[in-house]
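Understanding the architecture of this molecule
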Amino acid sequence: MSSFDLNKIVRPNVLAMEPYSCARDEFEGEAAIFLDANENSLGSLAGDGYNRYPDPRQTPLRLKVAKIKGVLPEQVFFGNGSDEPIDLLFRAFCRPTIDRAIINPPTYGMYKVQAAINETPIDEILLTPDFQLQTDKILAAITPDTKLIFICSPNNPSGNLMQKADIVKIIENFNGIVVVDEAYIDFAETESFTKAIEKYPNLIVLQTFSKAWGMAALRCGMAFAQKDIIDVLLKIKYPYNINILTQETVFKALDRESDKNLMVKEILQNRKELIEQLNACKCVECTYPTNANFVLTKVSDAPAIYRYLTNCGIVVRSRHNVALCNNGLRITIGTKEENKSLINALNNFCK
Ligand SMILES: *Cc1c(COP(=O)(O)O)cnc(C)c1O
């Protein structure tokens, strides 16, 4: 990895630009009277304090998350969901129509969408039939213009973890940025790649408060990397990308990590039971191994079963038209009652 040089892969315009300097950024120190940001000095109709712009650096939240995750505060970035850093990575590193990214289908759909918006050509290296990385093919697909490789682990929609040795091999043999998307890491009994950012200057790990933490509506995602990569994202983000309600609400919820762990435990128990019941259904061919809060299920006739379930008021995600997922339904682990309703409906369909 000796030849990784961040300044060589950042887009030249991003490297050269001056970031927007907001009022609260320029002032450092104590003050009682703020006449610098054209806010409403009289107050807010929404509640105390909401007339002021929020902290653009999210400092209290950053310190707390860094401590919980065992990284330094300057190695943490917050986005409006983890979808924001995905977009920012394209904007920071990929010159439109020139620089390329590698993805490994079937995988999370936003990589391709953000690439398309940013006019980034994509090279797709399919996963193996058991949804593992084709590491040598990925390395062979790298060109001098390849800037990003996206690895989703646990992978959406298959649910499984990628093999650690494969991820490490790609990180160690690529001079661009490797993105390890760990949206579902809380449901997996494995160490997060955040432990590896100290060692690898080209690694960025994405996590989110939307899944295990149960805060999807707040829109708060995290990225972890060495300071140099984080600084590039901070330079190009919207100044006030995380609103004050989200900053304060997430900050408070972080005190309840043990309750989050209890919910994860309950979901894993429900997952075990649901998988057993799914495998006993006549119209289920198999369920794939999962380390997430969903299970990819191969059924006899995905379009028909999807329609039947919809008519029963149950929405699952059809992945039937996705690579390697023929007749696949992706099913989120529900409450015990929800899972029971699903199993009843499936058994009605295939009796
Ligand atoms: C849900 C999901 C995300 C996005 O999460 P947000 O933080 O809500 O934007 C990212 N990656 C994967 C793989 C996901 O499934």
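Model, not experiment: these values are computed from the prediction. (Residues numbered from 1 in each chain as written. Predicted model: local features only at pLDDT ≥ 70, side-chain atom pairs only at ≥ 80, totals over all residues. Heavy atoms only, no water.)

Here we look at the side chain of Asn156
Residue placement: Asn156 occurs in the loop between strand 4 (146–152) and helix 8 (164–172). Here Asn156 falls in the buried class, since its relative accessible area comes to 8%. Polar side-chain contacts of Asn156 include one of 2.8 Å to the side chain of Arg330. Beyond its immediate stretch of four places on either side in the chain, Asn156 contacts Pro106, Thr107, Tyr108, Tyr184, Phe294 and Arg330. (Helix = DSSP H or I, 4+ residues; strand = E, 2+ residues; numbered from the N terminus. Buried < 20%, exposed > 50% of the residue type's maximum accessible area, 1.4 Å probe, protein only. Polar contact = N/O pair within 3.5 Å; in protein donor to acceptor, adjacent residues only side chain to side chain. Contact = heavy atoms within 4.5 Å.)

Quick notes on the pattern of salt bridges
In this structure the tally under the stated criterion is 15 salt bridges. Among the ionic pairs, Asp99 bridges to Arg95, the shortest N-O distance being 2.8 Å. What makes Asp99 buried here is its relative accessible area of 0%. Look at Arg95 and you get partly exposed, because its relative accessible area is 30%. Here Arg256 ties to Asp259 by a salt bridge, and the two come within 2.9 Å at their closest N and O atoms. Overall, the relative accessible area of 53% leaves Arg256 in the exposed class. (Salt bridge = Lys/Arg side-chain N within 4 Å of Asp/Glu carboxyl O.)

Thoughts on the sheet that holds strand 10 (residues 317–318)
Strand order across the open sheet formed by four strands is 8-9-11-10, with antiparallel pairing between neighbours. The open sheet is flanked by strand 8 (284–287) and strand 10, the only strands paired with a single partner. Across three bridges, the pairing between strand 8 and strand 9 (residues 294–299) is antiparallel. Bridge assignment links Cys286 to a residue of strand 9, and that residue is Lys298. (Pairing = 2+ DSSP bridges.)

Thoughts on the site of the ligand
If you check the shell around the ligand, you find 13 residues, and the closest are Asp181, Tyr184, Thr208, Ser210 and Lys211. Residue Ser82 places a main-chain N or O atom 2.7 Å away from an oxygen atom belonging to the ligand. Summarising the interface, the protein chains cover 94% of the accessible area of the ligand, which totals 390 Å² for the free molecule. Split into classes, the residues belonging to the shell around the ligand amount to four nonpolar, five polar and four charged. (Near = heavy atom within 4 Å. Areas by Shrake-Rupley, 256 points an atom, 1.4 Å probe, with all protein chains shown as cover. Nonpolar A, V, L, I, M, F, W, Y, C, P; charged D, E, K, R; others polar.)

Let's talk about the environment of Asp123
Checked against the element boundaries, Asp123 lands in strand 3 (residues 122–124). The contacts of Asp123, once residues within four sequence positions are left out, are Arg100, Ala101, Ile102 and Ile103. Within the structure, the side chain of Asp123 is placed 2.8 Å from the side chain of Arg100, a separation counted as a polar contact.

Some remarks on the packing of helix 4 (residues 59–69) against helix 10 (residues 244–253)
Where helix 4 meets helix 10, the closest approach of the two axes is 9 Å, and the angle between their N-to-C directions is 30°. With respect to their mutual orientation, helix 4 and helix 10 come out roughly parallel. As for how helix 4 packs across helix 10, the hand of that crossing is left-handed. Contact with helix 4, carried on its side by Pro60, Leu61 and Lys64, involves Gln247, Val250 and Phe251 of helix 10 and no other residues of that element. For the contact of helix 4 with helix 10, the class distribution of residues is four nonpolar, one polar and one charged. (Axes fitted to C-alpha atoms, helices over the stretch in contact; angles between N-to-C directions. Parallel < 35°, antiparallel > 145°, perpendicular 65-115°, else oblique. Left-handed = near helix turned anticlockwise from the far one by under 90°.)

Comments concerning the nonpolar core
Val65, Phe78, Leu203 and Phe209 are the most contacted members of the largest nonpolar core, which totals 42 residues. If near-sequence neighbours (up to four positions away) are discounted, Phe78 is found in contact with Gln58, Leu61, Arg62, Val65, Glu84, Phe209, Cys220, Gly221, Met222, Asn241 and Ile242. Within the second largest apolar cluster, 32 residues are counted, among which are Phe4, Phe77, Ile86 and Ala115. (Core = buried A, V, L, I, M, F, W, Y, C linked by side-chain atoms within 4.5 Å.)

Overview of the layout of surface pockets
Its volume calculated, the largest pocket comes out at about 440 Å³. Taken together, 21 residues line the largest pocket, and the ones lying closest to its centre are Pro19, Asp231, Leu234, Lys235 and Ile236. Counting residues per element, the ones that place at least two in the lining of the largest pocket are helix 1 (6–9), helix 2 (12–16) and helix 9 (227–236). It is helix 9 that provides the largest number of residues to the lining of the largest pocket, a total of six residues. When grouped by side-chain class, the residues that make up the lining of the largest pocket number 13 nonpolar, two polar and six charged. (1 Å grid on protein atoms, 1.4 Å probe; cavity = no way out; pocket = protein on both sides within 12 Å on 5 of 7 lines; lining within 4 Å. Points joined across faces, edges and corners; volume = space filled by probe spheres on them.)

Some remarks on the sheet that holds strand 7 (residues 221–224)
Spatial ordering of the open sheet is given by 1-7-6-5-4-2-3, a layout of seven strands whose pairing is mixed. The sheet terminates laterally at strand 1 (76–79) and strand 3, the two strands that pair on one side only. Across this sheet, the average inter-strand angle for adjacent strands is 20°, counted without regard to direction. Judged from the four bridges that link them, strand 6 (residues 203–208) and strand 7 form a sheet pairing that is antiparallel. Bridging from a neighbouring strand, Thr208 pairs with Gly221 of strand 7.

A look at helix 11 (residues 257–279)
Between its terminal C-alpha atoms helix 11 stretches 33 Å, which fits the 33 Å expected from 23 residues at 1.5 Å a residue. Along helix 11, the residues that are buried comprise Lys260, Val264, Leu268, Asn270, Arg271, Leu274, Ile275 and Leu278. Buried residues belonging to helix 11 abut strand 8, strand 9, strand 11 (328–332) and helix 13 (336–350). (Expected span 1.5 Å × (residues − 1).)

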